[in-house]
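Remarks on the overall topology
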Amino acid sequence: MSRRFGIRFEQPVSDLSPAAVLAEYRTAPGLYLHLPFCQTICPFCPYNKVRYEAELAADYLDDLEREASMYLATQAASFLSLYVGGGTPTLCLDGLERLLSRLPITGERAIEVLPKHLTRAMATRLGALGFTYVSLGVQSFSPRVLRRLGRPGTVRASRAAIETALGAFECVDVDLIFDTAYDDQQTLLDDLDRCFEYRVHQVSTYPLMRFGYTPFGKGDHHRDREHALLRTATELARSHGYERRSVWTFNRLGAPTYTSITRPYYLGLGAGAASFAGAVFLVNHFGLDQYRRAIGESRLPVARMARLPGAAAAVYRSFWQAYTGTVPTGGRDPLLDHPVSVLLRDLSVALGWSRRAGEAVTLTESGYDRYHDLERWVTYSLIEPLWAELMTEHDPPRPTGSGSDGGTQ
Ligand SMILES: C[S@@+](CC[C@H](N)C(=O)[O-])C[C@H]1O[C@@H](n2cnc3c(N)ncnc32)[C@H](O)[C@@H]1O
Ligand code: SF4
């Protein structure tokens, strides 16, 4: 058992049944599938991933299907949307195709795509699997920045991928990374200009987060420069007919929104995937061996579980909702109507961080700055320590190792 900011994380989690997990959801959740394989590992990347090996990936897809089967066997499983992330999901399309044919998904299907993989044939294949939303990990159009980030692929491949994607999908998101400790402001603004000229549906602009366990290691953030840059980016977006639709995304007016958090309540399958059902938060094993062992023993591969008291669940829900810049107040979600959520909204209005707009509260410019800071704090104070702990599951066992299930004490 470990405790973080008053929330108790239970471990190991051994007697959790799929029916009990599904019973926690008040409505059908969104489904997240994690495919943790990459051909090369980028030195800044904090996500759960391992180098691609065909046999390892094939075994993993079998396990993923078995994990899905545990939920499907309850009859209660149906999903409002699908989000496939990684890693590099396009390395595993054969296994994914088999799995998708068994999943009851009603809404949109979104997938993360490494630009150099998006040939016309790949776009056709993804379309045949029902994907209409894609996110391209472009990161920058500057060869210098790509070299520094150690990215696979070239600017030319990114351009070709955007052109292919725009002709094939309903919603095309381009991911950009900016680092005010390294680049001048103009680099991101030039990158944004290119995306706006392409008329992509959405551009995501992520400040580079420096996780201590990655080869990039820790680094400084220039808070004021980041705020100023995002404000300038917002003006540039407006001049091109785009709007800021979340803390870090800009959308063409009228275009759909691409987001991994479209659904506030989600079930995550795969190594490292998380699930949020309102009163419980779960994280699966990161290590492929631990994941595989649990599946082999017909157990859910959950490594950490936190039962959230109402107030904590309300804060979690309000936090992620506020990322979109708009929090509905119309009584559609009990967690957003919880007294703690109402208090947080009232406080943010009183402090000038948000304003009331009909049946919603929307972030002001200074509210976006504050949220940006809060998101960085959450990343380094909550997400990084949890992931760092779970990343140790990838470490080779010590000769005198305990051999315990979690392996992450
Ligand atoms: C799950 S990742 C990977 C998608 C895909 N494998 C790729 O690299 O194109 C999704 C996005 O997260 C962003 N990202 C990755 N590492 C980051 C970091 N350290 N800080 C901020 N954003 C990051 C990148 O923009 C990336 O495209
Ligand atoms: S950024 Fe994408 S390609 Fe690079 S290691 Fe992370 S998941 Fe893999």
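What you see is a predicted model, and the numbers here were worked out from it, not measured in a lab.

With that settled, consider the pairing of strand S15 (residues 280–284). Burial analysis of S15 places five of its five residues in the buried class, the great majority of the element. Side chains of S15 alternate between two faces, with Val280, Leu282 and Asn284 and Phe281 and Val283 buried alike. Bridge analysis of strand S14 (residues 274–276) against S15 gives three bridges, and the strand direction is antiparallel. Along S15, the bridge assignment pairs Ala274 with Val283. Where S14 folds back on S15, the antiparallel hairpin that results is connected by three residues, among which Gly278 adopts a positive phi of roughly 105°. Bridge count for S15 against strand S16 (residues 302–307) is five bridges, and the pairing is antiparallel.

Of all residues adjacent to ligand 1, which total 17 residues, the nearest are Gly87, Gln139, Arg151, Asp175 and Met209. At 2.9 Å from an oxygen atom of ligand 1 is found a side-chain nitrogen or oxygen belonging to Arg151. A distance of 2.7 Å separates an oxygen atom of ligand 1 from a polar side-chain atom of Asp175. In the complex, the protein chains occlude 91% of the 570 Å² of accessible area that ligand 1 would expose alone. Where the shell around ligand 1 is concerned, the elements lending two or more residues are strand S8 (133–139), strand S9 (171–178) and strand S10 (202–207). Classifying every residue of the shell around ligand 1 by side-chain character gives nine nonpolar, five polar and three charged.

So, about the nonpolar core. One broad rule of soluble globular proteins: the nonpolar side chains tend to lie buried together. Membership of the largest hydrophobic core comes to 108 residues, with the highest contact counts inside it found for Leu33, Leu118 and Leu192. For this core, the element with the highest residue contribution is helix H2 (residues 54–72), accounting for eight residues. Each of two domains, domain 1 (2–252) and domain 2 (312–394), supplies a minimum of three residues to this core. Setting aside chain neighbours within four positions, we find Leu118 in contact with Val113, Ala123, Leu126, Leu136, Ala161, Thr164, Ala165 and Phe169. In this structure, Cys42, Leu149, Ile177 and Leu208 belong to the second largest nonpolar core, which totals eight residues.

What counts, and at which threshold
- Residue numbering note: each chain is counted from 1, following its sequence as written.
- Key to labels: chains lettered from A, ligands numbered from 1, both in the order written.
- Local features in this predicted model are restricted to residues whose pLDDT is 70 or higher, and side-chain atom pairs enter the listing and the counts only when it is 80 or higher, whereas totals over whole chains, interfaces and linings include all residues.
- To get the side-chain values, take all heavy atoms of the structure and skip hydrogens and water.
- Only protein chains enter the accessibility calculation, which uses a 1.4 Å probe; a residue whose area is less than 20% of its type maximum is buried, one above 50% is exposed, and one in between is partly exposed.
- Secondary structure elements follow DSSP: runs of H or I no shorter than four residues count as helices, runs of E no shorter than two count as strands, and numbering proceeds from the N terminus.
- Criterion used throughout: strands pair if DSSP finds at least two bridges between them.
- What makes a residue near a molecule or strand is one non-hydrogen atom of that residue sitting within 4 Å of it.
- Contacts described as polar in this section are N or O atom pairs within 3.5 Å, which, within protein, must combine one atom able to donate a hydrogen with one able to accept it, while residues neighboring in sequence count only if both atoms come from side chains.
- For accessible areas, the Shrake-Rupley method is used with a probe of radius 1.4 Å. Any residue's cover is judged against the shown protein chains and nothing else.
- Residues are sorted three ways: Asp, Glu, Lys and Arg are charged, Ala, Val, Leu, Ile, Met, Phe, Trp, Tyr, Cys and Pro are nonpolar, and all the rest, Gly among them, are polar.
- The set of buried Ala, Val, Leu, Ile, Met, Phe, Trp, Tyr and Cys residues whose side-chain atoms join them within 4.5 Å is what this entry labels a nonpolar core.
- Domain delimitation in this document rests on an assignment produced automatically or drawn from a domain database.
- We call two residues in contact when some of their heavy atoms are within 4.5 Å.

The values reported here are purely geometric and, on their own, carry no functional implication.
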